[in-house]
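# Commentary on secondary and tertiary structure
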Amino acid sequence: MKIAFVGKGGSGKTTLSSLFIRHLAAAGRPVIAVDADINQHLGPALGLTDAQAEELPSLGAHLPEIKEYLRGDNPLIRSAEEMIKTTPPGRGSRLLRIVEENPVYAACARPIALDEGSVRLLATGAFTEEDLGVACYHSKVGAVELLLNHLVDGRDEYVVTDMTAGSDSFASGLFTRFDLTFLVAEPTRKGVSVYRQYKDYARDFGVRLRVVGNKVQSSDDLEFLRAEVGDDLLTTFGQSDWVRRLERGAEPPLRTLEPGNRAVLEQLRAEADTAHGRRDALRYTEQAVLFHLRNAESWANAKVGIDLATQVDRDFVLGAEQPAPAGAHA
């Protein structure tokens, strides 16, 4: 399953996404964690020191190699230079799988051992001083969109992405690349404002959205969220001494997380597993093509110098269980 965590800055989305990742890993589920937030806090939330997090390879820095690998033998894509962040796969493209070894993971993914289980972590890379005036945040997350467009995942396999704060992710098609999106909301007017924005966009593209209340301390908090969010409210995560210790730099065992909050993580897993049965491979592929054509018309054709609509393989559907191409595990 492809799962996203979104929410306004300070809502706790990175904390909850890291807890969900830990919960899945503790259950023995294969997990790829993706930090697509410009602030790059997921690594430390999973136990890395700041120095270790700074040493994580950047997906953006490896974009040329990623494109070359994913292009494979697709005859519609003449070179990696002609690929953009939305270039969809077709026959001959190399696809990624969660449980495999490949050059993309070798260059960009780093294993993280947790107190229960382990995960692979991918990071977009922080927005640096060198990017000022010449790049925007969305150029950083382009690699994530490209990877998700080429990733085939199965039941009980997970990609969990910590997205950028607020509604900024709507500037690309990345928000449609998930089976389920958890929106983390505090019980405040500002806390639910992002929900309203996200809800409107999600409705237009069939994005499945579930709200997780965070920092809920009273029945009044709960009633506020219910009134503002309605049936989209899945569950609420309460105040946590465990999380406070984690945020202070400790590494408490997951088994010591408050039972009520651990039960919330299991609710999220159950909801994610249910979403797998609702996935629509054709719609997923069609949306990838839609955003590719939009990008081609708005800026990419002029930049690359060709009509990028010619890269679309109309007979290809991601998830129609194509066999792994030769060399995919090399």
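So, a few notes on the structure that sits alongside this text. (Residues numbered from 1 in each chain as written. Predicted model: local features only at pLDDT ≥ 70, side-chain atom pairs only at ≥ 80, totals over all residues. Heavy atoms only, no water.)

Here the focus is the sheet that holds strand 4 (residues 110-113). Ordered in space as 4-5-2-7-1-8-9-10, the eight strands form an open sheet in which the pairing is mixed. With one partner strand each, in any of the chains shown, strand 4 and strand 10 (233-238) form the two edges of the open sheet. Ignoring strand direction, the axes of neighbouring strands in this sheet form an average angle of 25°. As judged from the five bridges shared by strand 2 (residues 31-35) and strand 7 (residues 158-162), these two strands associate in the parallel manner. Directly across from Asp 35, in strand 7, lies its bridge partner Asp 162. In this fold helix 10 (residues 259-276) packs onto strand 1 (2-6), strand 7, strand 8 (180-185), strand 9 (209-216) and strand 10, with an angle of close to 155° to the strand it touches most, strand 10. (Pairing = 2+ DSSP bridges. Helix = DSSP H or I, 4+ residues; strand = E, 2+ residues; numbered from the N terminus. Axes fitted to C-alpha atoms, helices over the stretch in contact; angles between N-to-C directions. Contact = heavy atoms within 4.5 Å.)

Here the focus is the packing of aromatic side chains. Aromatic rings considered in pairs are described by the distance between their centres and by the relative angle of their planes. For the structure shown, the criterion picks out six aromatic pairs. Ring geometry for Phe 5 and Phe 20: centres 5.8 Å apart, planes at 50°, overall tilted. Note that Phe 5 is positioned in strand 1 and Phe 20 in helix 1 (residues 13-26), a separation of 15 residues in sequence. Of the two residues, Phe 5 and Phe 20, neither departs from the other in class, the shared state being buried. Measuring from centroid to centroid gives 5.4 Å for Phe 175 and Phe 205, while their planes differ by 90°, and the two rings are edge-to-face. Taken together, the residues span a long stretch of sequence, with Phe 175 in the loop between strand 7 and strand 8 and Phe 205 in helix 7 (residues 189-205) at a distance of 30 residues. Overall, Phe 175 belongs to the buried group, its relative accessible area being 2%. The class of Phe 205 is buried, set by a relative accessible area of 17%. (Phe/Tyr/Trp six-rings, centres within 6.5 Å; stacked < 30°, edge-to-face > 60°. Buried < 20%, exposed > 50% of the residue type's maximum accessible area, 1.4 Å probe, protein only.)

The next thing to look at is the pairing of strand 10. Strand direction decides the pairing type here: strand 9 and strand 10, joined by five bridges, are parallel. Its bridge partner being in strand 10, Asn 214 is matched across the sheet by Phe 237. The parallel pair strand 9 and strand 10, bridged by helix 8 (residues 219-229), forms a crossover whose chirality is right-handed. (Right-handed = clockwise from strand over helix to strand, strands pointing away.)

Attention now moves to unusual backbone geometry. Of all residues except glycine, most have a negative phi; of all peptide bonds, most are trans. Residue Gln 40 is not a glycine yet carries a positive backbone phi of 55°. Looking at where Gln 40 falls in the secondary structure, it is placed in the loop between strand 2 and helix 2 (42-45). For Gln 40, a relative accessible area of 17% translates into the label buried. One non-glycine residue, Asp 156, lies in positive phi territory at about 70°. The topology assignment puts Asp 156 in the loop between strand 6 (151-152) and strand 7. For Asp 156, a relative accessible area of 34% gives the class partly exposed.

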